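A structural walkthrough
Spelled out, the chains give:
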Amino acid sequence: MPSYVIVGASRGLGYEWLRQLSTDPENTIIGLVRTPASVEAKLSSDKIANVHILQADMADHVALNNAAQEVSKITKGSLDYLIVNGVYANGDHNRLTPTAFTGHEEALRREMIRSLDVNVVGVIYSINAFLPLVHKSTIKKVVALTTGLADTDTAPKFGVPNYVVYSSMKAALNLVIARYSVELREDGIVFLALSPGIVLTSEKPPTAEDIADFQRLKQAVLKRKPEWQGPMTPSESVQLQKQVIEKTTIDESGSFLSHFGNKEWI
Ligand SMILES: NC(=O)c1ccc[n+]([C@@H]2O[C@H](COP(=O)([O-])OP(=O)(O)OC[C@H]3O[C@@H](n4cnc5c(N)ncnc54)[C@H](OP(=O)(O)O)[C@@H]3O)[C@@H](O)[C@H]2O)c1
C-alpha cells in the first residue's frame, strides 16, 4: 500500500500523477494544492474518489508543515514517495534572453526572487516538512521536478538563449537535491531531480507569442533530435517518470535524470 504526496497537484503533470496513481486502489494518494475546492470539483467530475486533497502553497512552510501533520494521520506516520512538482513560471519573462533585461533590472530582480521562493526555497520547505514521514518509510523516495534546460553541460550548445530565470532556478534546485543526497545517503533516502521531457500541459489556447516561442524551441530541439515528433502527453510523461523513480536506487541518489533515466532530455 504505497503512499504518495504530490506537491503542486492542481493541473498539468501534478494532476496527471493523481489521476494515474488513483487507478490502483492500493495506493494512498495525497495532493497538495493552493485552491482545494476547484481541484476537488475536477476530481469529482473525473470520477476520481481515492485522492485526498490538502491546501498548501510551496512558499508557505507553515502550511506545508500543517499538511504534513494531516498526511501523517492519513498514512499512520510514514510516507513512501514525495513528488515535488509545483512550479512558478512566467511565460512573459521566459521569452526574454539575458540582455533583454537591460533597462528592466528591477523586474529581473523581482522575477528571480519570485522564482527562487517557489522553485528552490519552496522545494526545500516541501522536502523538510515531509522528511520525518519519509524516514519512517521502507521505500523512502523524494523527487523534485526539474528541466533539461538546467543542464549546464548541454545548455551552451542548445540554441535556446531564453528561460533565464526558470532554468537557473532549476539548476539551483538540482544542486539542492544533490546536497540532500549527500546528507541523507546513510539514512537510505533516495533523492532525484527528474526532468519530465517536453510535455503539453497548457490548458489555455496558445497566444501568438506562445506559438512563436514554441517554434523557436522546436527548431532547437529538431537540430538536436531530427526525429522528434512533438511534445508528449502528460500521461506518457508520468508513465516514464514512474519507471525512472522505481528504478533509481540509493547508488544514484542525488542524480539529475530525464524521463528516460539518463541525460537524454528530449
Ligand atoms: N511541461 C513541460 O514541458 C515541462 C518541462 C520541463 C519541466 N517541467 C516541470 O514539471 C513540473 C510540472 O510542470 P507542468 O507543465 O505540469 O506545470 P503547470 O501545468 O504550469 O502546473 C504548475 C503547477 O504548479 C502549481 N503551483 C504553482 N505555484 C505554486 C505554489 N506557489 N505552491 C504550490 N503549487 C504551485 C500550480 O498550481 P496552481 O493551479 O495553484 O497555479 C500547478 O499545479 C514543473 O516543476 C516544471 O518545471 C515541465
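So, here is what we can say about the structure in this document. Computed from a predicted model, the values in this text were never measured in an experiment. (Residues numbered from 1 in each chain as written. Predicted model: local features only at pLDDT ≥ 70, side-chain atom pairs only at ≥ 80, totals over all residues. Heavy atoms only, no water.)

The subject of this paragraph is the pattern of salt bridges. This structure, assessed with the given rule, holds 11 salt bridges. Residue D57 is joined to R34 by a salt bridge in which the shortest nitrogen-to-oxygen separation is 3.9 Å. Remark: R34 occurs in the loop between β2 (28-33) and α2 (36-45) and D57 occurs in the loop between β3 (51-55) and α3 (61-75); sequence separation between them is 23 residues. Residue classification places R34 among the exposed residues on the basis of a relative accessible area of 56%. A salt bridge links E111 to R114, with the nearest nitrogen and oxygen atoms 3.8 Å apart. Placement of the pair is E111 and R114 together in helix α5 (residues 105-135), with a separation of 3 residues, close to one helical turn. Exposure remark for R114: the relative accessible area of 41% places this residue in the partly exposed category. Linked by salt bridges that have partners in common, D92, R95, E209 and D210 make up one network. (Salt bridge = Lys/Arg side-chain N within 4 Å of Asp/Glu carboxyl O. Helix = DSSP H or I, 4+ residues; strand = E, 2+ residues; numbered from the N terminus. Buried < 20%, exposed > 50% of the residue type's maximum accessible area, 1.4 Å probe, protein only.)

In the contact formed by helix α1 (residues 12-21) and helix α8 (residues 234-247), the axes pass within 9 Å of each other and the chain directions differ by 70°. Classified by the angle between their axes, α1 and α8 sit roughly perpendicular to one another. Only P234, S235, S237, V238, Q239, Q241, K242 and I245 of α8 make contact with α1, whose side of the interface consists of L13, E16, W17, R19, Q20 and L21. A class-by-class count of the residues in the contact of α1 with α8 yields 6 nonpolar, 5 polar and 3 charged. (Axes fitted to C-alpha atoms, helices over the stretch in contact; angles between N-to-C directions. Parallel < 35°, antiparallel > 145°, perpendicular 65-115°, else oblique. Contact = heavy atoms within 4.5 Å. Nonpolar A, V, L, I, M, F, W, Y, C, P; charged D, E, K, R; others polar.)

Right, let's talk about empty space enclosed by the protein for a bit. Over the atoms a probe the size of a water molecule is rolled, and this reveals where empty space is left. One pass over the structure, following the stated rule, counts 1 cavity of 30 Å³ or more. Within this model, the largest cavity holds a volume of roughly 40 Å³. Along the walls of the largest cavity sit Y88, A89, N90, N94, E111, S115, V165 and Y166, which together make up its complete lining. At the level of elements, α5 and α6 (164-184) are the ones that each hand at least two residues to the lining of the largest cavity. (1 Å grid on protein atoms, 1.4 Å probe; cavity = no way out; pocket = protein on both sides within 12 Å on 5 of 7 lines; lining within 4 Å. Points joined across faces, edges and corners; volume = space filled by probe spheres on them.)

Near the ligand you find 22 residues, and of these S10, L13, R34, Y166 and T201 are the closest. Here M58 contributes a backbone N or O atom positioned 2.8 Å from a nitrogen atom of the ligand. N85 is positioned with one of its backbone polar atoms (N or O) 2.8 Å from an oxygen atom of the ligand. If the ligand stood free it would expose 900 Å²; the protein chains cover 87% of that surface. If you list the elements that add at least two residues to the shell around the ligand, you get α1 and α6. A breakdown of the residues in the shell around the ligand according to their chemical character gives 9 nonpolar, 9 polar and 4 charged. (Near = heavy atom within 4 Å. Polar contact = N/O pair within 3.5 Å; in protein donor to acceptor, adjacent residues only side chain to side chain. Areas by Shrake-Rupley, 256 points an atom, 1.4 Å probe, with all protein chains shown as cover.)

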